[in-house]
Amino acid sequence: GWRTAMATENKGDDGADAAYLSLVPKVVTDQTAVDLRDNRTGKEKMAWPLMVIVPVEENSIVGNSAITILLSFSSFAGGVLALIGLVRFVVCLNRREVFSWKSVKYLRHSSYGMLLCGIAGTVMGLQQSYAALLYIDPADYSIDFSEQLETGIIIFGLFILLMAEAFAIGLKMKEEQELTI
């Protein structure tokens, strides 16, 4: 979603690529705060940034590198595979072919697509954090890598894979029962 969109190429006015870095202050003090001006009152107020945008060189690992293009394509292909697999599974459900090898195949394809999309998105996020860390090392902040993890997509992909395997086990049991009769 949003993190994947942010991982694509971003150009500033100076032509530099941008990398995003999630931060957590080690200690919330006046020294770790930045001053922001409140538009309503015009007064300066302290704030602790949780995400920064770091300009990086145009030829860095974030820009048009082959890795970024490959990861973006993999994420897109995984999403398309997941969507097609789910649509075809729903078609099987409408035809009352719930416990069939066809539906298991479509569920597996959908889960593989989701896993591919989630893993590619995670790697792109980690790639961005690494690129940002090459240009800045915040002294009083620790880096929050959990923002880069596409846990929702990965967990949903694993859930669908688990469901597909449960269907497969049920089908094998059904076939064995039909052979023993």
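These figures come from a predicted structure and were not determined experimentally. (Residues numbered from 1 in each chain as written. Predicted model: local features only at pLDDT ≥ 70, side-chain atom pairs only at ≥ 80, totals over all residues. Heavy atoms only, no water.)

Peer 1: So, the side chain of Ser22: which residues are in play, and what are the values?
Peer 2: Among the secondary structure elements, Ser22 is positioned in strand 1 (residues 17-25). Under the relative-accessibility criterion, Ser22 is labelled buried at 4%. Ignoring anything within four residues of it in the chain, the contact list for Ser22 reads Leu50, Met51, Ser142, Ile143, Asp144, Glu147 and Gln148. (Helix = DSSP H or I, 4+ residues; strand = E, 2+ residues; numbered from the N terminus. Buried < 20%, exposed > 50% of the residue type's maximum accessible area, 1.4 Å probe, protein only. Contact = heavy atoms within 4.5 Å.)

Peer 1: Run through the packing of helix 3 (residues 101-133) against helix 4 (residues 151-180), naming residues and quoting values.
Peer 2: Between helix 3 and helix 4, whose axes approach to 8 Å, the crossing angle comes to 160°. One element, helix 3, and the other, helix 4, form an angle in the roughly antiparallel class. For helix 3 against helix 4, the interelement crossing comes out left-handed. A breakdown of the residues in the contact of helix 3 with helix 4 according to their chemical character gives 19 nonpolar, six polar and four charged. (Axes fitted to C-alpha atoms, helices over the stretch in contact; angles between N-to-C directions. Parallel < 35°, antiparallel > 145°, perpendicular 65-115°, else oblique. Left-handed = near helix turned anticlockwise from the far one by under 90°. Nonpolar A, V, L, I, M, F, W, Y, C, P; charged D, E, K, R; others polar.)

Peer 1: Now, about the pairing of strand 3 (residues 44-47): what can you tell me, with residues and values included?
Peer 2: Both strand 2 (residues 34-37) and strand 3 contribute to a ladder of four bridges, which runs antiparallel. Bridging across to strand 3, Leu36 finds its partner in Lys45. Joining the antiparallel neighbours strand 2 and strand 3 is a turn of six residues, in which Gly42 adopts a positive phi near 80°. (Pairing = 2+ DSSP bridges.)

Peer 1: Can you break down the nonpolar core residue by residue, with the values?
Peer 2: Counting residues in hydrophobic clusters, the biggest one holds twelve residues: Ala82, Phe89, Cys92, Val104, Tyr106, Leu107, Met114, Ile160, Ala164, Phe167, Ala168 and Leu171. Looking at this core, the elements that each hand over two or more residues are helix 2 (66-94), helix 3 and helix 4. Among the elements that take part in this core, helix 4 stands out by supplying five residues, more than any other. Not counting residues up to four positions away in its chain, the partners in contact with Leu171 are Phe99, Ser100, Trp101 and Val104. In this structure, Leu23, Ala131, Ala132 and Tyr141 belong to the second largest nonpolar core, which totals eight residues. (Core = buried A, V, L, I, M, F, W, Y, C linked by side-chain atoms within 4.5 Å.)

Peer 1: Tell me what's going on with helix 4, and back it up with residues and numbers.
Peer 2: Relative to the 44 Å expected for 30 residues at 1.5 Å per residue, helix 4 spans 43 Å between its end C-alpha atoms, a close match to the ideal helical length. Those residues of helix 4 that fall on the buried side of the exposure criterion are Gly157, Ile160, Leu161, Ala164, Phe167, Ala168 and Leu171. Against the buried residues of helix 4 lie helix 2 and helix 3. (Expected span 1.5 Å × (residues − 1).)

Peer 1: Talk me through the sheet that holds strand 4 (residues 51-56); I want residue IDs and the actual numbers.
Peer 2: Taken together, three strands build an open sheet; the order of strands is 4-1-5 and the sheet is antiparallel. With one partner strand each, in any of the chains shown, strand 4 and strand 5 (141-143) form the two edges of the open sheet. Strand after strand, the sheet turns through a mean of 45° between neighbouring axes, direction not considered. Pairing of strand 1 with strand 5, which is carried by three bridges, proceeds in the antiparallel orientation. In the sheet register, Val24 faces strand 5, and the bridge partner there is Ser142. Where helix 3 meets the sheet, it contacts strand 1, strand 4 and strand 5, and its direction lies at approximately 90° from that of strand 1.

Peer 1: Requested: an account of unusual backbone geometry, with residues and values cited.
Peer 2: With a phi close to 65°, Arg96 is a non-glycine residue in the positive phi region. Here Arg96 lies in the loop between helix 2 and helix 3. On the accessibility criterion, Arg96 (76% relative accessible area) is exposed.

Peer 1: An account of the environment of Ile84 is requested, with residue identities and associated values reported.
Peer 2: Mapped onto the fold, Ile84 is located in helix 2. Note: C-alpha distance between Ile84 and Leu107 (23 residues apart in sequence) is 9.9 Å.

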